[in-house]
Structure formats: structure tokens, C-alpha cells
Amino acid sequence: MSVFSGAFLAALFGALPASAQPAACGEAPLRGDRVALLIGNSAYNDWEWPSLKNAVNDIDHVCAAFQKAGIAPRIVRNADMGALDAALTRFAAEAAGAKSVILYYAGHGFEYGGRNWLVPMDAPPATRRADVEKRYLSIEAAVERIVPDGAFTLVFVDACRTAEPVVRIADVDTARGEAGSAPLGLLDIAQGAVFYSTAKGRPALDFAPPGSPVSPFAAAVVKELAIPGLEIGDYFKVVSREVYKRTHGMELGPQQPFHYGSWFEDYYLVAPPEIPVRVAPPGGIRPLAAPPPPPSTAAVRGTAADPLADISLDRLAIEDEPVLIADVLSRHPAAKLVALADGGHPLAQQLVGYMFSLGVGVKKDVARARAYLEQSAAQGFPAGQQELAYLILENEPSPADVKRAYDLYVAASNAGFSKAKTHLAYQLTVGRFGPPDFARSQALYAEAAGKGHPAAIFALTFFPDTRAANLARLRALADAGNPEGNHWLCEAHFADKTLAAAIEDCALAARAGFAGSRAILALAYARGTGVAADAREAAHWARLARNLPELRKDQRELIAGIGE
């Protein structure tokens, strides 16, 4: 919080001549190599178009956050076609040397003729084919105009994507099979990403909860932007989870943003901090002020002074790391976590090790990741042991490394750490540590599932004697609002060749961003399993699945040729 009062600042700026007044956000000349064009259309006339109370509020809210992050913003509010054209021309001239360009749009939009269109304030709700380009602004054309060659492109679209036609094309005969307008579809961009506020066929809420001054998407975009060092893919995930959480239980919810794109290097809206390597004291790890307590379901270290005291082993054992890390980083800067790790805190060492291993919140450094995880594991901390075992197996392990990973998994598993039990069970199933051991694997999965680990519950659906009970557990998880439950139901029914029974689960999980569910949904549309066969929908979901790096090799092979 600023040390200056509002009255002091008002007095200070009020004393300045008009020429010295600071420019409102989005109105100053663009500076730097990261720029953003924010377009918000709210004041539709409620006769031809429903007004959107918060669209302009959204871009004002996002503008301040972008500016704070070092991104130079330009705002366009309630613009007609002429104003939009002029704004694009001005922005393109100022952004000619930019290395990354963001286009953020909040308003009405639709797809027609293989292109996506935003709706200016003076656009009619009906037109003819020949006039579409005159009345509406092509998002693809806007990107082409404002993004310099070779620049990274990032497009945010906060608009409804429901099936009802937004615009009527008067001279299109849909009865004869001609395509009319449709929900906003996939944009074709080169190097970059597109982030939709909602899934295809779903509304984008203007507020959540009722009365909110901004949309749930804009609120989440700004909230998670406060976390430095989230690579753009991780940023998309935590924003999506936040929007889902804000809209779950609402009449038109939950709203599920999704993203896709292609980029070759890590991209950050807020760069990770530079954290120098601390010189270790003689003798290695600095001793703890007090020995760590034994693992339990209570807080990891129970002293009131411990900033991580609210993170229990049970939470560590079942929660997805990107979500957990984002929550921790929203409350504690990365430098503070590293300082805790350097001071011997075993949980901080495990968290920081994970962060350095994948470049989350810090710059990727596998050697530093290994060092911190070694320290955490050396203190007998089960989460550190499990994470170290995983890191070892992912980096071309020697036979001795494989043996060490096994010992680490066993130690963490014996300490009751559910995630380690699931990992060890999987490796035993695939024969990583010798001949497959299905009996021991099932027992470990059962123990992890008993603690609520969703992946272990899913694994138990492969065993005939535990299938029904664990399908019911996944259903309860899904009904409680956790899309991971829907995802594993989709995977379980696909494996059992009963996909039609879980097609809605696949659709919900696909919209939530689960790669496997996207691939399965693409295949369902291609084959007409549980849904009417639809080549366009199949191609749509196959493309989205292929854009996620976590898509398994067998699932990539499953959708090979669909939409390619």
C-alpha cells in the first residue's frame, strides 16, 4: 500500500498545470517493446444489441494491471467502425518496433466465413455477405495490422460464444446448407496464444457474483497477473481455475476459459525475479532452528511464525502443483520462498525445487531444482522425496538413479504421502523397477485413493473389484465442482468403451483444459460416439488437444489425422 494518502496525491497533482497532469491509463504514447491494445464495447443500445455494463470497466481494470506489469497499454472505449479503424492505424504506427503485442477485446463477437469478428457500436444485427467486412472488424485482420513481423501475439477475447446467431446474414440460405454466423471460433495466429474467456457454446458472464464491477474473466486476469514469473501456459491455467471458482453454482455457470497457441520459448507477462544463488555455509545445509516435526495431516511446521504453516501434507499430497504454487506465490514472493529454503525449511525447499525444475515463478534451473530437492529429501520430508524421485526419472536416469528414485518413492510412500503412493504404484504397473507388480500397485492406489488423490481413484477403476465404487467417488468429486473428477470419468469410460455414458464429463473437462479429455472428445465427434458426428467439432477439439504439451503420446496418436 502506498505511504501517500489520497488527499496528498490529489493536492500534489491538482497543483500541477494541465500540461503536467499524468495521462489517464491507456492514453499516453506507447513506449517499450511490450504493448497492448484494449478494446471495450459496453454501450450497445439494448434494442439491436444487449448492452454490456462491465466491458469498459473490464478494460480499465486490465489497463492498470498491464501498465503496472510494464506493458504499455492503449484503450479504445465504445468505438464505432470508424473509430476502431483509426485506433488500429495509430496503434500500428506506435507499435512498429514491439516484440510482443497484446489485443484484449470485451464485447460482442461472432464467426462467419472462417473468420472472427468483433461488433462495433454502430454495427447492425443483420447484414448481407458482401457487407460483413464493412460493418464488423475482423479480429484476424486487426492482428495482422497491429502486430509487427516476428512479434509474439497474445489475444484475450471476453465475449459470449453461445450457439444463438449473433448476426443474421440475410442472403445466406441455411436451409440449403449454407453456413451463417456462428460462435467465435479459433483464430489463426503464428507465434503466440489466444485466451478465450469461455468455451465454445457457452456464455461469458458480465459479472460474478451479481453486482461485481468487472467480469469474472477480467477479475481473474488481473488477480493472477500480480504473481511474478508465471509462464504464460501456467498463467492461463490459474486464471481459468479462478474463473471457474467464481462462477461455479451460478445459473449460467460454471464459466470455463480455455487457451491454445504455439510458442517456442517461455513467455511471461511478469518476468520471474532474478534470485542470486546463496553461498552454502561450510558443511552444507544450514541446520534448522528446530528439527522438523514428523509428517502429519497438520501444518508442515506448526510454529506461528512459519509463513507456510497453513499448507498441510494432505494438501500437498492431492493438489495439482501449478494451482498450489500459484496460491503460494500470490501470498509470498519467490525471493521469500528461496530465503526460507536457504534457511533449511523442508517445505520451502520442495516448493522452490519444483519451481526451478519447471520455471514457475523463477527462471528454470534444473541444477538448482535438484539441489533444493536433495536438501528437502535429506531431511526426510516426503513431498521433497517424491518430487526428487520424479525429477531423477525424468532426466535420463542411470540404473543407479532408478534405484535411488525407487528408494525415495518407497520412503515417501511409507511416510503416508498419497502422491508418492500413486507415482510408485504407476511405476510398478509399467515395470519401471522390475517385473510389473499389479497386486502391490493396487494396494498403493487404494491407500492413496483413501486420502482423496483423484489420479489414484481413477487408477482403481481399472481393477474390476474396485471399479464401481471408484467411479462413484469420481462422480462425487465432479458433482462437488472439481473438473478433475469429470476428466477422470471421461478417461475411465473411454478405457472401458462406455464413452457415451460420460460424454458430458468429457465436454466439461475439455472446456476446463484437460488435454486427454479434449482428445477423447475430438475422437467422439469424429466417430459419432455419444454425440452426432461433426467433422468441424472434431477438428476443433483435436487442435486444442494437440496444443497442450502434456497430451500423452498415445492420445496424440489417437487423434492423428483429425483436423490436420
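Here the structure is a predicted model, which is why all the values come from computation and not from measurement. (Residues numbered from 1 in each chain as written. Predicted model: local features only at pLDDT ≥ 70, side-chain atom pairs only at ≥ 80, totals over all residues. Heavy atoms only, no water.)

Draft legend 1. Focus on empty space enclosed by the protein. Considering all chains together, one arrives at 3 cavities of 30 Å³ or more under this definition. Estimates place the volume of the largest cavity at around 60 Å³. What lines the largest cavity is L316, E321, L324, I325, Q350, L351, Y354, A383, Q386, E387, F417 and K419. Elements represented by at least two residues in the lining of the largest cavity include exactly α9 (321-331), α11 (346-358) and α13 (382-393). Classifying every residue of the lining of the largest cavity by side-chain character gives 7 nonpolar, 2 polar and 3 charged. In this structure, the second largest cavity spans a volume of roughly 50 Å³. (1 Å grid on protein atoms, 1.4 Å probe; cavity = no way out; pocket = protein on both sides within 12 Å on 5 of 7 lines; lining within 4 Å. Points joined across faces, edges and corners; volume = space filled by probe spheres on them. Helix = DSSP H or I, 4+ residues; strand = E, 2+ residues; numbered from the N terminus. Nonpolar A, V, L, I, M, F, W, Y, C, P; charged D, E, K, R; others polar.)

Draft legend 2. Broad picture of the pattern of salt bridges. Scanning the model with the defined rule gives 25 salt bridges in all. Its salt-bridge partner being R315, residue E319 comes within 2.6 Å of it at the nearest N-O pair. Across the pair E374 and R370 runs a salt bridge whose closest N-O atoms are separated by 2.9 Å. Linking E374 with R370, this pair stays in helix α12 (residues 366-378), spanning 4 residues, or about one helical turn. Its relative accessible area of 24% is what places E374 among the partly exposed residues. Classification of R370 as partly exposed rests on a relative accessible area of 32%. (Salt bridge = Lys/Arg side-chain N within 4 Å of Asp/Glu carboxyl O. Buried < 20%, exposed > 50% of the residue type's maximum accessible area, 1.4 Å probe, protein only.)

Draft legend 3. Representation of the sheet that holds strand β4 (residues 109-112). Spatial strand order, β4-β5-β7: 3 strands in an open sheet with antiparallel pairing. A single partner strand is all that each edge strand has here, and the edge strands are β4 and β7 (137-138). (Pairing = 2+ DSSP bridges.)

Draft legend 4. Expanded view of the packing of helix α3 (residues 81-94) against helix α5 (residues 139-146). As a packed pair, α3 and α5 sit with axes 8 Å apart at the nearest point and diverge in direction by 30 degrees. By the angle class used here, α3 and α5 are roughly parallel. For the pair formed by α3 and α5, the contact residues are D85, L88, T89, F91 and A92 on the first element and A142, R145 and I146 on the second. In the contact of α3 with α5, the residues fall into 5 nonpolar, 1 polar and 2 charged. (Axes fitted to C-alpha atoms, helices over the stretch in contact; angles between N-to-C directions. Parallel < 35°, antiparallel > 145°, perpendicular 65-115°, else oblique. Contact = heavy atoms within 4.5 Å.)

Draft legend 5. Representation of the packing of helix α15 (residues 418-430) against helix α16 (residues 438-450) in the model. The contact between α15 and α16 brings their axes to 8 Å, and the two run at 160 degrees. With respect to their mutual orientation, α15 and α16 come out roughly antiparallel. Note that α15 runs across α16; the crossing there is left-handed. Packed against α15, whose contacting residues are S418, K421, T422, L424, A425, Y426, L428 and T429, the element α16 presents F438, R440, S441, L444, Y445, E447 and A448 at the interface. (Left-handed = near helix turned anticlockwise from the far one by under 90°.)

Draft legend 6. Representation of the layout of surface pockets in the model. Space inside the second largest pocket adds up to approximately 600 Å³. Lining the second largest pocket are 23 residues, with R241, E242, K245, E319 and V323 sitting closest to its centre. Elements represented by at least two residues in the lining of the second largest pocket include exactly α6 (216-225), α7 (232-247), α8 (313-318), α9 and α19 (483-495). Per element, the largest residue contribution to the lining of the second largest pocket is 5 residues, and it comes from α7.

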